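Geometric and topological summary
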Amino acid sequence: MGIETSSAQRDAAAGAGLAVEQNGINSIHSSEHKGRPRDLFWPWFAANVSVLGVAYGAFILGFGVSFAQAVVIGVVGIVVSFLFCGFIAVAGKRGHAPTMTLSRAAFGVTGNRLPSTLSWLLTVGWETVLAALAVLATATVFGRLGWSNGTGTKLIALVLVAALIVLGGVIGFDFIMRLQKWITIATGVLTVVYMVLVADQIDFAALSSIPAGSAPAVIGALVFMMTGLGLGWVNMAADYSRYLPRSSSATGVVAWTTFGASLAPVILVVFGTMLAGSSADLNDAIVADPIGALTTVLPTWFLVPFALVAVLGLIGGSVLDIYSSGLALLSVGLRVPRAVAAGIDGVLMSLGAIYVVFIADSFFIPFQGFLITLGVPIAAWCGIFMADILLRRTPYAVSELLDPRGRYGTVRVSAIVLTVVGSVVGWGLVTNGYASWLTWQGYLLGPIGGREGDWAWANLGVLAALLIGFVGTLVLGRSAIAAQEALPVAAQEVDG
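The rules behind the values
Residues numbered from 1 in each chain as written. Predicted model: local features only at pLDDT ≥ 70, side-chain atom pairs only at ≥ 80, totals over all residues. Heavy atoms only, no water. pLDDT = per-residue confidence, 0-100. Contact = heavy atoms within 4.5 Å. Axes fitted to C-alpha atoms, helices over the stretch in contact; angles between N-to-C directions. Helix = DSSP H or I, 4+ residues; strand = E, 2+ residues; numbered from the N terminus. Parallel < 35°, antiparallel > 145°, perpendicular 65-115°, else oblique. Left-handed = near helix turned anticlockwise from the far one by under 90°. Nonpolar A, V, L, I, M, F, W, Y, C, P; charged D, E, K, R; others polar. Salt bridge = Lys/Arg side-chain N within 4 Å of Asp/Glu carboxyl O. Buried < 20%, exposed > 50% of the residue type's maximum accessible area, 1.4 Å probe, protein only. Polar contact = N/O pair within 3.5 Å; in protein donor to acceptor, adjacent residues only side chain to side chain. Phe/Tyr/Trp six-rings, centres within 6.5 Å; stacked < 30°, edge-to-face > 60°. Core = buried A, V, L, I, M, F, W, Y, C linked by side-chain atoms within 4.5 Å.

Below, the discussion takes up the confidence of the model for the protein chain. For the protein chain, the average pLDDT comes to 88, and 93% of its residues sit at 70 or higher. This model gives residues 1–16 a pLDDT under 50, and the stretch forms 26 contacts once residues within four places in sequence are excluded.

If you want it as structure tokens, here you go:
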């Protein structure tokens, strides 16, 4: 577990504003509870306003669906997947602890190291991808302006981008909440200007001529959207609601998390679908270079503001990722202060970004392989944790979430088994040829056409893992949760 702090230390940190946050995986003391559910709008909007959302429009069309289908897929996939985040965020205000601490109630204190490790890998992966894209976007804009965009420029951009991301992760919650508010305002305004400037590129005749896709194509695109958006955030959704007072409205927590996270992606994905569907060349360019391709339709005078909106949006997502990856690393069992854990992840992020920027041949291929491979077990965990939240009727015994001798035990075997079964079934129902070491997936697709059949790219494994985790916990977890909740909870245990 993370290193604990005294009440005096926590109080001093709370009053210091931008002082380094002292809380780790512990429950937040009642003296530090603050804010309202609507405050959740700022971090979630800023983390998802990235212009990468425009590129997702091209990614959807790549599944072979029509424009109308792409719009429905985008809206439904985004809202439903972020609704999962909203639901999990409720656990944060109930238990005032990070997501991967609260997950111990479902997996056991030691057993939860499995999902904590998966969560850590996913968040480090995401922050690496977003940081690399910020560097590549800067280099692309410099090239369009006729400035140097070579190795030196990329290295400088990487240092600056990584420094800001790591700074946010190390300082912690209060700094992130303030930073995300300013990122929201800046990127929101500049994104609207971008959309106005390139709106004349939209060809409605071309959009209407795109043929409709099959059911497997629609489902595959929908699952990809859910995996790339909301399911990429579920493992950290409670991290930003854990400071809220317990009296905060659960409906408000769900609504503001879902609304804040969904608003920008819905607009950007629909707009991106319109852009990509209007030009086959632009669509192909976006798939190869998601951010750089978007500069080709801009007037030169807006390139610098575009770089600003692109970089800030990507940093907004990376800051949340590195903060939560540090908390996940503590939950795995590393005994260091939270700020040190965030710093360790910052080093790994920088090394990973160097690989993506200077070594990897393309972006989309390893990115989709990464999403699908980790998306399957995370979907299983999401189903388990959402069902666990649904079944609980009493507050968490917060100190026992840190003690394997407490009511939550060492290992909840049923949760581990459901994760493993969900992953095995899920990986068997996805086709992942994005890297040579992933071609083993898809081993259960034989009865529905095999790895080359119509359903091969539908990514059914993600949905299967989610359902196995959710339904399995409703069936197998009810008695264990009832036994946990039959034990008395002291008043001081409820609010830290």
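Let us look at the packing of helix α9 (residues 173–198) against helix α12 (residues 250–278). How two helices sit against one another is set out by the angle between their axes and by the gap between those axes. Between α9 and α12, the shortest axis-to-axis distance is 12 Å and the interhelical angle comes to 20°. Considering the angle they form, α9 stands roughly parallel to α12. Crossing of α9 against α12: the hand is left-handed. Contacts between α9 and α12 involve T191, Y194, M195 and V198 from the former and I267, L268, F271 and L275 from the latter. When the residues that make up the contact of α9 with α12 are grouped by side-chain class, the tally is seven nonpolar, one polar and no charged.

Moving on to the pattern of salt bridges. Scanning the entire structure with this criterion turns up six salt bridges. Linking E21 and R338 is a salt bridge whose minimum nitrogen-to-oxygen distance equals 3.6 Å. With E21 in the loop between α1 (7–15) and α2 (41–48) and R338 in helix α15 (residues 338–358), this residue pair connects regions lying 317 residues apart in the sequence. In this pair, the class of E21 matches that of R338, namely buried. Linking D174 and K34 is a salt bridge whose minimum nitrogen-to-oxygen distance equals 2.8 Å. Linking D174 in helix α9 with K34 in the loop between α1 and α2, this pair joins segments that are 140 residues apart in sequence. Under the relative-accessibility criterion, K34 is labelled partly exposed at 30%. Overlapping salt bridges bring together E21, R242 and R338 as one network.

So, about the side chain of S81. Considering the arrangement of structural elements, one finds S81 in helix α4 (residues 67–95). Take S81: its relative accessible area is 0%, and that puts it in the buried class. There is a polar contact of 3.1 Å between the side chain of S81 and the backbone nitrogen of G230. With residues up to four places along the chain from it excluded, the contact list for S81 reads V76, M226, L229, G230, L231 and V234.

A few words now on the packing of aromatic side chains. Throughout the structure, instances matching the rule amount to 19 aromatic pairs. Centre to centre, the rings of F41 and W42 are 5.4 Å apart; their planes meet at 80°, and the pair counts as edge-to-face. Judged by its relative accessible area of 13%, F41 falls in the buried class. Here F173 and Y243 contribute two aromatic rings whose centre-to-centre distance is 4.3 Å and whose plane-to-plane angle is 25°, an arrangement assigned as stacked. With F173 in helix α9 and Y243 in the loop between α11 (215–228) and α12, this residue pair connects regions lying 70 residues apart in the sequence. In this structure F173 comes out as buried when scored by relative accessible area, which is 6%. Look at Y243 and you get buried, because its relative accessible area is 4%. Here the aromatic residues F41, W42, F45, W256 and F259 are joined through ring pairs into a cluster of three or more.

Here the focus is the nonpolar core. Counting residues in each nonpolar core, the largest one holds 150 residues, and the members touching the most others are Y56, I88, Y194, V234, F306, C382 and Y396. When residues in this core are grouped by element, the largest group, 17 residues, is from helix α14 (residues 303–332). Sequence-distant contacts of V234, defined by excluding residues within four places in its chain, comprise S81, F84, C85, I88, T99, I378, W381 and C382. Counting residues in hydrophobic clusters, the runner-up holds six residues, among them L429, A458, L460 and A464.

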